[in-house]
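What follows is each chain in one-letter form.
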Amino acid sequence: MDDNNRTDKALLNKGLQRMGICLLLMFAGPSLLYLALSNDDKPLYIPLLVISLLLCIGAIAMLFIGINTIMNSIFKKK
């Protein structure tokens, strides 16, 4: 096989790590959002709501970044 057709394993590993972070954020964000919305009379309602929304947005961003990194490792776009 030609060396040009091989997957960059270091970049693939980086993409899989980003997808793992995305998976953690996909569980943490909605869980905290549920906690924030179910306790709207508590004093930490607004900070917890903001943090949970940022985690949800971070999960979406990490999903796109992770998929893009994996595609770059497969198709050699550097």
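Keep in mind that what you see is a predicted model, and the values were worked out from it rather than measured.

Novice: Would you mind showing me how to read the overall build of the protein here?
Specialist: Looking only at helices and strands, the protein features two helices and zero strands. Once the C-alpha set of the protein is aligned to its principal axes, its extents read approximately 65 × 15 × 10 Å. Among the 78 residues that make up the protein, the fraction classed as buried is 18%. Residue pairs in contact within the protein that sit at least 24 positions apart in sequence constitute 72% of those at least 6 positions apart. With the model as given, the accessible surface of the protein reaches about 5,900 Å², and the carbon-plus-sulfur share is 69%. Positive and negative charge centroids in the protein, built from 8 and 5 side chains respectively, lie 8 Å apart.

Novice: Got a minute to help me understand the state of the cysteines in this structure?
Specialist: As used in these notes, a disulfide is a covalent bond between sulfur atoms, one from each of two cysteines. Taken as a whole and judged by the stated rule, the model has zero disulfides. For the unlinked cysteine C22, the closest cysteine sulfur is that of C56, found at 11 Å.

Novice: Before we go on, may I ask you to explain the packing of helix α1 (residues 9-38) against helix α2 (residues 45-75) in this structure?
Specialist: Geometry of a packed helix pair, given as the angle between the helix axes and the separation of the axes. Where α1 meets α2, the axes come as close as 7 Å, and the angle between the chain directions of the two elements is 160 degrees. By the angle between their directions, the pair α1 and α2 is classed as roughly antiparallel. Here the hand of the crossing between α1 and α2 comes out left-handed. By residue class, the composition of the contact of α1 with α2 is 28 nonpolar, eight polar and two charged.

Novice: Explanation requested: α2 in the structure shown.
Specialist: For the α-helix, the turn length of 3.6 residues means that residues three or four positions removed from each other point alike. The end-to-end C-alpha distance of α2, which contains 31 residues, comes to 45 Å, matching closely the 45 Å that a straight helix rising 1.5 Å per residue would cover. Along α2, the residues that are buried comprise L49, S52, A59, M62, G66, T69, I70, N72 and S73. Check the buried side of α2 and you find it contacts α1. In the stretch just after α2, K76 is the one whose phi turns positive, near 60 degrees.

About the thresholds
Residues numbered from 1 in each chain as written. Predicted model: local features only at pLDDT ≥ 70, side-chain atom pairs only at ≥ 80, totals over all residues. Heavy atoms only, no water. Helix = DSSP H or I, 4+ residues; strand = E, 2+ residues; numbered from the N terminus. Buried < 20%, exposed > 50% of the residue type's maximum accessible area, 1.4 Å probe, protein only. Contact = heavy atoms within 4.5 Å. Areas by Shrake-Rupley, 256 points an atom, 1.4 Å probe, with all protein chains shown as cover. Lys, Arg positive; Asp, Glu negative; His and termini not counted. Charge placed at Lys NZ, Arg CZ, Asp CG, Glu CD. Disulfide = S-S within 2.5 Å. Axes fitted to C-alpha atoms, helices over the stretch in contact; angles between N-to-C directions. Parallel < 35°, antiparallel > 145°, perpendicular 65-115°, else oblique. Left-handed = near helix turned anticlockwise from the far one by under 90°. Nonpolar A, V, L, I, M, F, W, Y, C, P; charged D, E, K, R; others polar. Expected span 1.5 Å × (residues − 1).

No statement about biological role is implied by the geometric values presented.
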